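Chain by chain, the residues:
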Amino acid sequence: MPAEIIDGKKIAQELREEIRAAVEELKSRYNVVPGLATVLVGDNPASVSYVSAKNRACAELGMRSFQHTLPESTSEDELLSLIAGLNADPLVHGILVQLPLPRGLSEDRVLRAIDPKKDVDGFHPYNVGLLALGDPVFPPCTPAGILELLIRSGTQVEGAEVVVVGRSNIVGKPVALMLMQKRKGANATVTVCHTQTRDLAFHTRRADILIVAAGKPQAVTGDMIRPGATVIDVGVNRIGYTEAGKAKLVGDVDFESAVQIAGKITPVPGGVGPMTITMLMRNTLRAARLSLG
Ligand code: GUN
């Protein structure tokens, strides 16, 4: 029997309703409208599309968004001075600098310039530290979305064997930390695989929950999956651009073969993607609440 499809779009929509209601309440009680500043440097097509989806989500949920689009030629000093201004702006509760930055700009320096209280991506070392200690204020968006998908799809996380493929600072590392925490909804046994892992399939076949954030199409195929496992595909690969500039989106998991073996699986698109933006909205709401003191 083919796997149950975990509908990220539907789950994200349910969460967005909850966030919209909370935004409304913050407005009526405290006269505060959560505000997100998005910063895009250059015109990478994927980044342009992510940032516009983030700004659209703000509008949908009754939040303000402040869009800053800068040319590829922007210097680090110019970018740092924009961030200093946003740090000081009381209408801006969250700041998101879309990654990757063009060559020549230091992501480290730029991310460290964001006020940790406005770091809704959770990428500042201070927030990464809190995450490692198990008490994050702003859990990073994609990992937080993955945890929500697992909970809301009824997947048993506590005590489960989780295998994460990929060790990035944005997904692999933080999701592993979050799932191993000693708390309800986590408490998993986590293995992290990466490009130097000797026998990837040996590990993936042991997983009750397989999270694939390898950044590579077809990194995981059906024969690498334990029958009945829950598979979360974090990959977003644009392949086969058409003349109109449209591309087909595929994940890091070969869906056709995986859906025959897995118990539950997220599709691409419509799985993790909508959750990431929803978690960003949740973090922005949280930042606005924290600004009340
Ligand atoms: N680029 C890819 N994923 C992300 C993300 O979650 N946040 C930001 N700022 N940039 C990204």
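Predicted, not measured: the structure shown is a model, and the values here were computed from it. (Residues numbered from 1 in each chain as written. Predicted model: local features only at pLDDT ≥ 70, side-chain atom pairs only at ≥ 80, totals over all residues.)

### Structural notes on the nonpolar core
Phase 1: Formed by 84 residues in total, the largest nonpolar core has its most connected members in Val162, Val164, Val165, Leu210, Ile211 and Val212.
Phase 2: Of the residues forming this core, the biggest block, nine residues, is contributed by helix H10 (residues 272-290).
Phase 3: Counting the residues that make up this core, at least three belong to each of domain 1 (30-115) and domain 2 (141-273).
Phase 4: For Val164, the residues in contact, after removing those within four places along its chain, are Gly172, Val175, Ala176, Val190, Val192, Cys193, Ile211 and Ala213. (Core = buried A, V, L, I, M, F, W, Y, C linked by C-beta atoms within 7 Å. Buried ≥ 20, exposed ≤ 12 C-beta atoms within 10 Å, placed from the backbone. Helix = DSSP H or I, 4+ residues; strand = E, 2+ residues; numbered from the N terminus. Domains from an automatic or database assignment. Contact = placed C-beta atoms within 7 Å.)

### A few points about the domain arrangement of the chain
Many structure descriptions define interface size as the accessible area lost when the parts assemble.
Phase 1: For the chain, the assigned domains are domain 1 (30-115) and domain 2 (141-273).
Phase 2: On a C-alpha basis, the centres of domain 1 and domain 2 stand 28 Å from each other.

### Some details on the sheet that holds strand S3 (residues 64-70)
Phase 1: Taken together, the three strands give an open sheet; going across it, the order is S3-S2-S4, and neighbouring strands pair in parallel fashion. Single-partner strands in this sheet number two, and they are S3 and strand S4 (94-97). On average, adjacent strands in this sheet sit at an angle of 15 degrees to one another, irrespective of strand direction.
Phase 2: Looking at chain direction, strand S2 (residues 35-41) and S4 are connected through four bridges and run parallel. Following the sheet pairing, Val39 is matched in S4 by Val97.
Phase 3: Seen against the sheet, helix H2 (residues 45-60) touches S2, S3 and S4 and runs at an angle of roughly 165 degrees to S2. (Pairing = 2+ DSSP bridges. Axes fitted to C-alpha atoms, helices over the stretch in contact; angles between N-to-C directions.)

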